[in-house]
Amino acid sequence: MSLSEYILLAFSSLFVVVDPVAAVPTFLAMTPGDTPKERLRMARLACFTTAGVLLVFSVAGTLVFKVFGITLPAFQIAASIVLLIIALDMLRVQRSRVQETHEEAKAGIEKMNIAITPLAIPMLAGPGAISTTILLQSQATSFPQHIALYVCIAAVALASYLIFRVAVRSARWLNPIAMSIIIRIMGLLLAAVAVQFMLNAIKTLWPGMSGPGPA
């Protein structure tokens, strides 16, 4: 995989699974009494926390395999199932309980500051995002690709903040139909990413499946 291809894969898959667009309605619902300035402060802290969590897992994620004796194909298949569940919920335009439970959303409404939890964890940097980060780190085969992954994580966090910023500034003009369309498109893309991760794991377990056919 070339560097440009890896960057495209890393940014698109991370952005889709972090899915800041789908988190916007919950974020606004959890901060009804806050001023735009306070909302932006929470969004900034949440996105900074998200970047920090994903960067930690991008650096130390492979240590998890060694500690628990997990093989990469096993993790790829498990992670792809998690991503697929999230994608199916996105196609139905509903927030996945893998990312955020109803109890966590309700608790967030009652809290003074929801930036760290549940907004950053687990709404943005949830199991799906962490799994995707570890998978991308395992697929990085060169130093430039590792650096590209760190840059992509920062770029996704920045893009998430900009989306929250636009939502805060124009909350009253948000179009529910347009948001539903965007969420469904992201869900379809995420489903494709999940299936691709699973196919990669299967090819690793059974190399002959990707080899040439009989002569």
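For the structure, see preceding data.
This write-up is about the structure you can find in this document. Everything quoted here is computed from the prediction, not taken from an experiment.

So, the overall build of the chain
At step 1: Helix and strand content of the chain: 9 helices and 0 strands.
At step 2: Going through the 215 residues of the chain one by one, you find that 45% of them count as buried.
At step 3: The contacts in the chain between residues at least 6 apart in sequence include a share of 85% that link residues at least 24 apart.
At step 4: Surface accessibility of the chain: about 11000 Å² in total, with carbon and sulfur atoms responsible for 72%.

Describing a positive patch on the surface
At step 1: A cluster of like positive charges, contributed by Arg41, Arg44, Arg165 and Arg169, occupies part of the molecular surface.
At step 2: Residue assignment for the positive patch shows that the elements contributing at least two residues are helix 3 (36–68) and helix 8 (143–169).
At step 3: Along the polypeptide, Arg44 turns up in helix 3.

Digging into the environment of Pro25
At step 1: Here Pro25 shows up in helix 2 (residues 20–30).
At step 2: Of the residues examined, Pro25 reaches a relative accessible area of 38% and is grouped as partly exposed.
At step 3: Pro25 sits 139 residues away from Phe164 along the chain, and the two C-alpha atoms are 9.9 Å apart.

What about the side chain of Ser160?
At step 1: Within the secondary structure layout, Ser160 lies in helix 8.
At step 2: The exposure class of Ser160 is buried, given its relative accessible area of 2%.
At step 3: Those residues in contact with Ser160 that lie beyond four places of it in its chain are Val18, Pro20 and Cys47.

A few points about helix 1 (residues 3–18)
Because each turn of an α-helix spans 3.6 residues, side chains separated by three or four positions end up pointing in the same direction.
At step 1: With 16 residues, helix 1 extends 22 Å from end C-alpha to end C-alpha; this agrees with the ideal 22 Å at 1.5 Å per step.
At step 2: Looking only at helix 1, the buried set comprises Tyr6, Ala10, Ser13, Leu14, Phe15, Val16, Val17 and Val18.
At step 3: Just beyond helix 1, the residue with positive phi is Asp19, at close to 50 degrees.

Cut-offs applied
Residues numbered from 1 in each chain as written. Predicted model: local features only at pLDDT ≥ 70, side-chain atom pairs only at ≥ 80, totals over all residues. Heavy atoms only, no water. Helix = DSSP H or I, 4+ residues; strand = E, 2+ residues; numbered from the N terminus. Buried < 20%, exposed > 50% of the residue type's maximum accessible area, 1.4 Å probe, protein only. Contact = heavy atoms within 4.5 Å. Areas by Shrake-Rupley, 256 points an atom, 1.4 Å probe, with all protein chains shown as cover. Patch = residues over 30% accessible without salt bridge, like charges linked within 9 Å, V, L, I, M, F, W, Y side chains within 5 Å. Salt bridge = Lys/Arg side-chain N within 4 Å of Asp/Glu carboxyl O. Lys, Arg positive; Asp, Glu negative; His and termini not counted. Charge placed at Lys NZ, Arg CZ, Asp CG, Glu CD. Expected span 1.5 Å × (residues − 1).

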